[in-house]
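So the chains spell out like this:
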Amino acid sequence: MMKLISSLIVEQEEAVISLWKLTRTEEELRFSLCTPRLLTALRSLIVSRYSTIQVNVVASLVNLSLEKPNKVKIVLSGFVPPLVNFLKSRSSESQEHAVGALFSLALKEDNKMAIGVLGALPPFMHTLIRSESNLTKIRTFGMADEN
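Residues numbered from 1 in each chain as written. Predicted model: local features only at pLDDT ≥ 70, side-chain atom pairs only at ≥ 80, totals over all residues. Heavy atoms only, no water.

Asker: Quick question: what am I supposed to make of the overall build of the protein here?
Answerer: Per the secondary structure count, the protein includes nine helices and zero strands. Starting at the N terminus and ending at the C terminus, the protein contains elements arranged as α-α-α-α-α-α-α-α-α. Counting across all 147 residues of the protein, residues that qualify as buried make up 37%. In the protein, once contacts between residues fewer than 6 apart in sequence are set aside, the share between residues at least 24 apart is 64%. Only carbon and sulfur atoms are counted for the fraction: they give 60% of the accessible area of the protein, which is about 8700 Å². (Helix = DSSP H or I, 4+ residues; strand = E, 2+ residues; numbered from the N terminus. Buried < 20%, exposed > 50% of the residue type's maximum accessible area, 1.4 Å probe, protein only. Contact = heavy atoms within 4.5 Å. Areas by Shrake-Rupley, 256 points an atom, 1.4 Å probe, with all protein chains shown as cover.)

Asker: What is the right way to look at helix α1 (residues 9-25) in this model?
Answerer: Turn by turn, an α-helix covers 3.6 residues, leaving residues three or four places apart pointing in a common direction. The first and last C-alpha atoms of α1 sit 24 Å apart over 17 residues, in line with the 24 Å expected at 1.5 Å per residue. Every buried residue of α1 is accounted for by Gln12, Ala15, Val16, Leu19 and Thr23. Projected onto a plane normal to the axis of α1, the buried residues spread over an arc of 90° and lie on a single side. Each element contacted by the buried residues of α1 is listed here: α2 (30-33), α3 (36-45) and α4 (51-64). (Expected span 1.5 Å × (residues − 1). Arc of directions from axis to C-beta.)

Asker: I tried to follow the nonpolar core on my own but got confused; where do I start?
Answerer: Note on soluble globular proteins: their nonpolar side chains tend to be buried together. If you look at the biggest cluster of nonpolar residues, it comprises 33 residues, and the most contacted ones within it are Leu42 and Leu83. Elements that contribute at least two residues to this core include exactly α1, α3, α4, α5 (68-76), α6 (80-87) and α7 (92-106). Here the element with the most residues in this core is α4; it accounts for six residues. With near-sequence residues (within four places) excluded, Leu83 lies in contact with Ile46, Val58, Ala98, Ala101, Leu102 and Leu105. (Core = buried A, V, L, I, M, F, W, Y, C linked by side-chain atoms within 4.5 Å.)

Asker: What is the right way to read the side chain of Arg30 from this model?
Answerer: Looking at the element boundaries, Arg30 is found in helix α2. For Arg30, a relative accessible area of 7% puts it in the buried group. Excluding residues that lie within four positions of it along the chain, Arg30 makes contacts with Thr23, Arg24, Asn63, Leu64, Leu66, Glu67 and Asn70.

Asker: What should I look at first to understand the packing of aromatic side chains in this one?
Answerer: Note on aromatic pairs: each is described by the distance of the centres and the angle between the planes. Inspection of every chain in the model, using the stated rule, returns zero aromatic pairs. A cation sits over an aromatic face here: Arg24 above Trp20, 4.4 Å from the ring centre. (Phe/Tyr/Trp six-rings, centres within 6.5 Å; stacked < 30°, edge-to-face > 60°. Lys NZ or Arg CZ within 6 Å of the ring centre and 35° of its normal.)

Asker: Whenever I open this one, the packing of α5 against helix α8 (residues 109-117) confuses me. Can you help?
Answerer: When two helices pack together, their arrangement is given by the angle between the helix axes and by the axis-to-axis distance. For the pair α5 and α8, interaxial distance at closest approach is 9 Å and the crossing angle is 25°. Between α5 and α8, the interaxial angle falls into the category roughly parallel. α8 is crossed by α5, and the crossing has left-handed handedness. Packed against α5, whose contacting residues are Lys71, Val72 and Val75, the element α8 presents Asp110, Asn111 and Ala114 at the interface. Grouping the amino acids of the contact of α5 with α8 by side-chain chemistry returns three nonpolar, one polar and two charged. (Axes fitted to C-alpha atoms, helices over the stretch in contact; angles between N-to-C directions. Parallel < 35°, antiparallel > 145°, perpendicular 65-115°, else oblique. Left-handed = near helix turned anticlockwise from the far one by under 90°. Nonpolar A, V, L, I, M, F, W, Y, C, P; charged D, E, K, R; others polar.)

Asker: Help me understand α3 in this model?
Answerer: Residues of α3 that are buried include every one of Leu38, Leu39, Ala41, Leu42 and Leu45, and no others. Angularly, the buried residues of α3 cover 160° about the axis, an arc narrow enough to put them on a single face. Exposed side of α3, more than 90 degrees from the buried face: Pro36, Arg37 and Thr40 are the residues found there. Looking at the packing, one finds that the buried side of α3 touches α1, α2, α4 and α5.

What follows is the structure in structure tokens.
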């Protein structure tokens, strides 16, 4: 936890990468890790100018959001606006994680209104349509190569 609030970028990167790996593999820790203190630290890191930090914060949020009790905590901690901003970014990895996080958070009925009011739906749909279009292109080119 201390590395998350470190002033050293390398320590912040190590911390968010470790958190992402931990929340990906240790399902039983997701609930206990999702504390106001952790969410506050992640909230300050999600707006970092370093993409490695941003991507791993969003990936960690996806993993934390898989636990039902964490969904409302994450939304109430103010993560929806930055996630919406990631949908508009140029980084496909950030967009994919943001889509995953918003989708997971929206599975909780209490979050749907907040996510919609905060403007997530248009960029969410745009990202999905663009991703599907790219996937179709990849499949088409892949099929063409097979013939």
